[in-house]
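What the coordinates show
Chain by chain, the residues:
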Amino acid sequence: MENNRQKMQEYWKRNVRILSILLGIWFLVSFVFGILLKDELNQIRMGGFKLGFWFAQQGSIYCFVIIIFVYVWLMNRLDREFDVHED
């Protein structure tokens, strides 16, 4: 019983770590690159657009979609490791 409880605590600890890292990346791309560093990034052009503008308009959306797929992949792997996956 106690071993199962420790196993679930480790599962949730790793789940929260994955969420924290992925949300940190999303914050970095959307807020830091798209808003705070916009002026510095606008000195660089990507596909004819200023890079700061690109991060604010499209980069954060692309990053969010990629993060969703990465989260699903990581959580499926974690679920299998802790044997809580669905068949």
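Rules used throughout
Residues numbered from 1 in each chain as written. Predicted model: local features only at pLDDT ≥ 70, side-chain atom pairs only at ≥ 80, totals over all residues. Heavy atoms only, no water. Helix = DSSP H or I, 4+ residues; strand = E, 2+ residues; numbered from the N terminus. Rg over C-alpha atoms; globule rule 2.2 N^0.38 Å. Phe/Tyr/Trp six-rings, centres within 6.5 Å; stacked < 30°, edge-to-face > 60°. Core = buried A, V, L, I, M, F, W, Y, C linked by side-chain atoms within 4.5 Å. Buried < 20%, exposed > 50% of the residue type's maximum accessible area, 1.4 Å probe, protein only. Contact = heavy atoms within 4.5 Å.

**Considerations on the overall build of the protein**
- Counting its secondary structure elements, the protein contains three helices and two strands.
- Taken from N to C terminus, the helices and strands of the protein fall in the order α-α-β-β-α.
- For 87 residues, the compact-globule estimate of 2.2 N^0.38 gives 12 Å, and the protein exceeds it by more than 25% at 18 Å.
- With the principal axes as the frame, the protein shows a C-alpha extent of 60 × 25 × 15 Å.

**As for the packing of aromatic side chains**
- Tallying each qualifying case throughout the model produces eight aromatic pairs.
- Aromatic ring contacts, followed pair by pair, group Phe33, Trp54, Phe55 and Tyr62 into a single cluster.

**Observations regarding the nonpolar core**
- Ranked by size, the top nonpolar core spans 14 residues in total, and within it Tyr11, Ile18, Leu51, Phe55, Met75 and Leu78 carry the most contacts.
- At the level of secondary structure, the elements contributing two or more residues to this core comprise α1 (2-36) and α3 (51-81).
- The biggest single contributor to this core is α3, with eight residues.
- In this view, Met75 contacts Tyr11, Asn15 and Ile18; residues no more than four positions away in its chain are not counted.

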